[in-house]
Amino acid sequence: MSEDLQTQAGNGAGGPRATESTVREERLSRRRFLTASATIGAVLALPATPAAPAGSATTDADLYMCMPGSAEPDTIGVQPAAFTEGAPLLEPEVRRAVNGELRTTLRCQYAYKDIGGYQLYLRTYEAAISGPTLRLRRGDKLRIRMVNDLPPNRDPMPADIDQVHHLNTTNFHFHGSHISPSGISDNVLRAMEPGRRYDIEIAIPDDHTAGTYWYHPHNHGAADIQVASGMAGMIIIDGDFDGVPEIAAARERVMVLSTVAFDAFGMIESLDTLFPEHAVRFQTLNGQRAPTIDMRPGEVQRWRMLHAGNQDDIFLGLQGHKLHPIARDGIALARMDQPEIRTGDHVRDDPTAILIVPGQRIDFLVQAGAPGTYELRALPYDQGYTAPHGLIARLVVSGEPLPMKLPEKLPPPPLATIRDEEITGHRRVTFSSTAPEAPDTEHWQEYKFYIDGKRFDMNRVDQRVRLGAVEEWEIVNTHFDDHIFHIHTNPFQLIKVNGQPLAEPVWLDTVTVPRQGGSVTFRSRFLDFTGRFVLHCHMMNHEEVGMMQIVEVYKP
Ligand SMILES: [Cu+2]
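Computed from a prediction, not measured in an experiment: that's the story for all the values here.

Cut-off values and rules
Residues numbered from 1 in each chain as written. Predicted model: local features only at pLDDT ≥ 70, side-chain atom pairs only at ≥ 80, totals over all residues. Heavy atoms only, no water. Pairing = 2+ DSSP bridges. Helix = DSSP H or I, 4+ residues; strand = E, 2+ residues; numbered from the N terminus. Axes fitted to C-alpha atoms, helices over the stretch in contact; angles between N-to-C directions. Salt bridge = Lys/Arg side-chain N within 4 Å of Asp/Glu carboxyl O. Buried < 20%, exposed > 50% of the residue type's maximum accessible area, 1.4 Å probe, protein only. Donors = N, O, S within 2.8 Å, 3.2 Å for Na, K, Ca; no water.

Caption draft 1: Quick peek at the sheet that holds strand S17 (residues 354-356). Spatially, the 5 strands line up as an open sheet ordered S12-S20-S19-S14-S17, and their pairing is mixed. One side of each edge strand has no neighbouring strand; the edge strands of this open sheet are strand S12 (292-295) and S17. Ignoring strand direction, the axes of neighbouring strands in this sheet form an average angle of 25°. Inspection of the sheet shows strand S14 (residues 314-318) paired to strand S19 (residues 372-379) by 4 bridges, in the antiparallel sense. By the bridge assignment for S19, Gly317 is matched with Arg377.

Caption draft 2: How the structure looks around the pattern of salt bridges. The full count for this structure, using the stated rule, is 37 salt bridges. With a shortest N-O distance of 2.9 Å, Arg137 and Asp242 are connected by a salt bridge. You can see Arg137 sitting in strand S4 (residues 133-137) and its partner Asp242 sitting in the loop between strand S9 (233-238) and helix H3 (245-248), a full 105 residues away along the chain. Its relative accessible area of 42% is what places Arg137 among the partly exposed residues. Salt-bridge contacts for Arg419 lead to Glu421; the nearest nitrogen and oxygen are separated by 3.0 Å. Residues joined by salt bridges that share partners form a network here, namely Arg135, Asp238, Asp240, Glu252, Arg302, Arg304 and Asp363.

Caption draft 3: Structural view of the coordination of the copper ion. On the protein side, the copper ion has His483 (ND1), Cys537 (SG) and His542 (ND1) as donor atoms, found 2.0 to 2.1 Å from it. Positions of the donor residues of the copper ion along the chain correspond to the pattern H-x53-C-x4-H. One exposure class covers both Cys537 and His542, and it is buried.

Caption draft 4: Layout of unusual backbone geometry. With an omega dihedral of 5°, the bond running from Ile129 to Ser130 counts as a cis peptide bond. Looking at where Ser130 falls in the secondary structure, it is placed in the loop between strand S3 (118-125) and S4. Although it is not a glycine, Ala127 adopts a positive phi angle of roughly 60°. Of the residues examined, Ala127 reaches a relative accessible area of 27% and is grouped as partly exposed. The phi angle at Gln516 is positive, at roughly 55°, despite the residue not being glycine. By the element assignment, Gln516 lies in the loop between strand S28 (510-513) and strand S29 (518-525). Residue classification places Gln516 among the exposed positions, given a relative accessible area of 61%.

Caption draft 5: Spatial organisation of the sheet that holds strand S23 (residues 463-466). Read across the sheet, 5 strands follow the order S23-S31-S30-S25-S28 without closing on themselves; strand pairing throughout is mixed. The open sheet is flanked by S23 and S28, the only strands paired with a single partner. Pairs of neighbouring strands in the sheet enclose a mean axial angle of 25°, with direction left out of account.

Caption draft 6: Looking closely at the pairing of strand S11 (residues 282-285). Across the two faces of S11 the burial is the same, with Phe282 and Thr284 and Gln283 and Leu285 all buried. Pairing geometry for strand S10 (residues 251-260) and S11, over 4 bridges, is antiparallel. Counterpart to Val260 in the pairing with S11 is Phe282.

Right, here's the structure in full:
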């Protein structure tokens with residue numbers, strides 16, 4: 001550990017700077033605090049032996065999901081307090097549809113939240129991290145009164161909209177849905193200003209896929225910072241596995257993964273806090289650091305996992321257990337344990353671990369083994385830079401055995417494979433970036449992120465697609481980091497990675513595009529809805545500074 005702790009003072013939005021002596025005192029106390037965690041940044045492999053029992057004090061260096069060579073944040077306004085890890089995993093409040101309608105309010109507001117020993121002041125939905133889980137069924141109406149109680153924006157609209165701006169303006173995106181992108185439905189081109197309230201009305205089609213979706217802000221200029229702050233929640237469309245008794249009997253868990261980064265004042269007010277790949281951050285589950293998940297021996301649970309982090313991939317491993325995927329991006333798989341999507345070398349590194357990237361959801365079945373404590377970890381993973389890694393939660397297996405079974409087979413998949421003869425057109429889309437000449441002194445404003453050589457322009461339509469078209473798209477990534485392709489309104493069927501056909505194509509709405517000339521190829525049906533929506537990189541730092549395009553589906 002370097003004695004020369006990096007200070008993040010001055011990285012905020014022009015808040016009061018601390019005096020030199022305050023900083024020095026804080027550094028001394030930080031140094032004492034950090035003596036217990038001397039191996040920060042060490043490579044943390046999945047241990048072969050059971051972990052420490054839950055409830056042990058926080059002295060484990062594994063807790064600090066820091067990038068190699070970095071430290072915990074140097075704090076000025078934020079005092080790190082000891083916290084006892086191992087608190088039971090808490091799940092977000094659930095709001096359910098009644099008589100075919102879910103009518104609810106979502107209030108955007110600042111709130112103090114204690115996370116992993118830090119008192120942070122963050123933008124939230126309903127003062128909660130994560131936001132409430134919204135549960136409904138196909139054919140239901142979702143009516144949200146969005147109350148934006150964030151304070152006024154004090155910055156003028158910049159001439160270049162691909163700069164972070166208006167951090168208190170928001171809107172609403174129903175990620176992964178196949179619903180109208182227009183009007184007051186899933187319209188991410190709406191701006192919801194502070195001090196005002198807005199209605200959102202969404203009709204979920206009767207033939208929508210059922211599964212695990214999510215909502216988050218998508219207003220260009222502020223989406224990255226709002227999501228990183230914890231503004232995200234799950235949307236569950238029930239009914240996917242009703243006919244599978246082994247899944248219907250399994251206890252469900254909502255699990256929202258996110259990454260917590262903050263400045264010296266315990267806030268997120270600038271891309272300076274989020275952008276650097278060596279910025280200090282740690283991972284949380286439902287806004288908790290290192291919570292405990294309890295199960296009985298032999299019990300089967302369904303874990304609805306959402307990656308709501310803004311930037312970093314998570315290569316998930318559960319010690320002594322297998323994670324069995326049954327759905328990806330809210331769409332049921334044709335069979336349990338369909339092979340991991342090979343977008344990098346990671347599968348070779350650990351065949352039991354599974355990659356989940358920002359924006360994606362994976363529904364897992366987990367069957368508890370023998371009594372003991374097992375770690376759920378982010379394993380080391382190279383996404384062009386080293387993703388943060390370390391402990392996420394502990395699984396504690398105890399009590400009377402509860403013999404349950406995993407399903408032998410899943411129902412037929414909900415979406416039909418796209419056949420060659422359906423294809424009406426092809427497109428190629430290229431993600432690229434230019435980096436500063438001296439990356440060691442990098443600053444985000446020195447990078448440019450492009451799609452097809454252009455930065456985002458809200459008033460330019462980049463892809464015009466006829467309603468009813470069925471197209472095959474190749475997405476190419478020429479940059480030295482992976483990027484994450486996401487498109488709204490229609491899911492796609494991934495058929496190739498790096499030009500190699502997948503043994504079993506998979507339906508997704510979000511996928512990693514491998515770096516350095518890598519590619520993904522998918523097919524998609526542009527059905528039911530006309531209007532303008534977006535495709536973008538779901539590394540939200542990139543989207544925010546321009547890695548996004550407008551798609552328009554038109555009726556001829
Ligand atoms: Cu990107």
